[in-house]
Amino acid sequence: MDNIKQLQLIREAQGDPALLALATVDLALPEFPDAERNALRLALGAAAVPHWCDTTILAELNNASEPVSRERWAHLKALPVVEPFPARGVDAGNVHEASRLPIRRYLAETQRTRFIELSARSARVFETDMRPVSRIEWIYHLLVADPERGAAELEDMDRLFSGSAHHEDLAALSAVLAELDATHILQGKALVRARLVVAEYRADVAGAASVSDLATQLLQMAETIEDDLLIRDACSLVGDAAQARGDLAAAEQAFARDLAISERLAALDPANTSWPSRTAGSAT
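Chains are numbered independently. Their residues run from 1 in the order of the written sequence. Two thresholds apply to this predicted model, a pLDDT of at least 70 for residue-level local features and 80 or more for giving and counting side-chain atom pairs, whereas whole-chain, interface and lining totals are computed over all residues. Side-chain metrics in this entry use all non-hydrogen atoms of the structure; hydrogen atoms and water are not considered.

Draft legend 1. Here's a closer look at the overall build of the protein chain. Within the protein chain one finds 14 helices and 2 strands. Accessible area is worked out with a 1.4 Å probe on protein chains only. A residue is then buried under 20% of its type maximum, exposed over 50%, and partly exposed in between. When each of the 284 residues of the protein chain is scored for burial, the buried share is 45%. Method for areas: the Shrake-Rupley scheme with a 1.4 Å probe, in which residue coverage is limited to the protein chains shown. Surface exposure of the protein chain reaches about 13800 Å², of which carbon and sulfur atoms provide 54%. In this text, helices come from DSSP runs of H or I with a minimum length of four residues, and strands from runs of E with a minimum of two, each type numbered from the N-terminal end.

Here's what the structure looks like:
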């Protein structure tokens, strides 16, 4: 590929970081046939959906054979936008965040069906791996591929992590949820649940008073979509924030509502152990 063609590719990207990242395939591998470069651009887009990739993951994402995926992954790892990620395995790498996030956003905006399908395939890759890092990666993709189920699974994960996870796992979960929120991909229950988990983590780290306004906003959002579980958990956060501010009347009101919802849900489904209020009765 001559310099004129390279300049043309850069101009066509119009400064878009996603298109510039995808163009690195053509710039770095000009001797490859057009069909193979196109396949590698598609593979690079797929590899940018998860936080890390390897031959096995790429094969699942592209529905390709192991030999083909191994060869293509080797070519992708040589690109300047892909870096090694030895913490995830000797073959693992990741599309650099400065390129990965724009590519994800580009796919979500221009190839929505493909983006959701890649998210669904990514979720399936990580679903059976019980390590915290993989559970976090799984929920990250499930919230996009199946928002209704993702919101429910995230509630369970948040409860489990809050009771047993190390601080770094809670921090990692909060970080990927904040990343999803910042890219404006989530909506409805999935969005409110993700924001609640992030707000709860922030309250634990910086104090509940630091999320007072956010807690009130999340309660209003939960009320708008009329979801009792979200309303209950938002009330809990509102109560914690009010108590931290010293407003015990507001805290008592929020905790009482939290408790009332929990009791109503428990009466409807006594066998479900997720109904008990988290913080009701905290205010005195």
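And the narrative resumes.
Draft legend 2. Seen up close, the packing of aromatic side chains. For Phe, Tyr and Trp, where Trp contributes only its six-membered ring, two rings pair if their centres lie within 6.5 Å, and the inter-plane angle classes them as stacked under 30 degrees, edge-to-face over 60, or tilted in between. All told, the structure shown has 2 aromatic pairs when counted by the stated rule. Look at tryptophan 52 and phenylalanine 85: their rings are 6.3 Å apart centre to centre, the planes differ by 85 degrees, and that puts the pair in the edge-to-face class. Taken together, the residues tryptophan 52 in the loop between helix 3 (34-47) and helix 4 (55-62) and phenylalanine 85 in the loop between strand 1 (82-84) and strand 2 (93-95) connect sequence positions 33 residues apart. When the centroid spacing of 5.1 Å and the interplanar angle of 70 degrees are considered together, the rings of tryptophan 52 and phenylalanine 126 count as edge-to-face. Linking tryptophan 52 in the loop between helix 3 and helix 4 with phenylalanine 126 in helix 7 (residues 112-126), this pair joins segments that are 74 residues apart in sequence. Two thresholds decide whether a charge sits over a ring: the Lys NZ or Arg CZ must be within 6 Å of the ring centre and within 35 degrees of the ring normal. We note arginine 88 situated over the ring of tryptophan 52; from NZ or CZ to the ring centre the distance is 4.8 Å. In this arrangement the basic side chain of arginine 135 is found over the ring face of tryptophan 138, its NZ or CZ atom lying 4.2 Å from the centre.

Draft legend 3. Main features of the environment of alanine 249. Relative to the helices and strands, alanine 249 resides in helix 14 (residues 248-268). Residue alanine 249 is classed as exposed on the basis of its relative accessible area of 57%. Put simply, alanine 249 and glycine 239 are 10 residues apart on the chain and 9.4 Å apart in space, counted from C-alpha to C-alpha.

Draft legend 4. Examining the packing of helix 8 (residues 132-145) against helix 9 (residues 147-164) more closely. Axis separation between helix 8 and helix 9 bottoms out at 7 Å; the angle between their running directions is 150 degrees. For the element pair helix 8 / helix 9, the angle class is roughly antiparallel. Note on packing geometry: the crossing formed by helix 8 with helix 9 is left-handed. Judged by residue contacts, Pro132, Arg135, Ile136, Trp138, Ile139, Leu142, Leu143, Val144 and Ala145 of helix 8 engage Pro147, Arg149, Gly150, Ala151, Glu153, Leu154, Met157 and Phe161 from helix 9. Under the grouping applied here, Gly and all other residues not named as nonpolar or charged are polar, the nonpolar ones being Ala, Val, Leu, Ile, Met, Phe, Trp, Tyr, Cys and Pro and the charged ones Asp, Glu, Lys and Arg. Each residue belonging to the contact of helix 8 with helix 9 can be placed in one class, and the counts come to 13 nonpolar, 1 polar and 3 charged. Here, axes are lines fitted to C-alpha atoms. For helices the fit covers the stretch in contact, and angles between N-to-C directions go from 0 to 180 degrees. If an angle is under 35 degrees, it is roughly parallel; if it is over 145, roughly antiparallel; if it lies from 65 to 115, roughly perpendicular; otherwise it is oblique. By the definition used in this description, the sense in which the near helix is turned from the far one sets the handedness, with an anticlockwise turn below a right angle giving left-handed and a clockwise turn giving right-handed. Two residues qualify as a contact provided that any one of their heavy atoms is within 4.5 Å of a heavy atom in the partner residue.

Draft legend 5. Summary view of unusual backbone geometry. Of note in the backbone geometry, asparagine 63 takes a positive phi value of approximately 55 degrees without being a glycine. By the element assignment, asparagine 63 lies in the loop between helix 4 and helix 5 (66-77). You will see that histidine 184, though not glycine, has its phi angle at about 60 degrees, which is positive. Here histidine 184 lies in the loop between helix 10 (167-182) and helix 11 (188-206).

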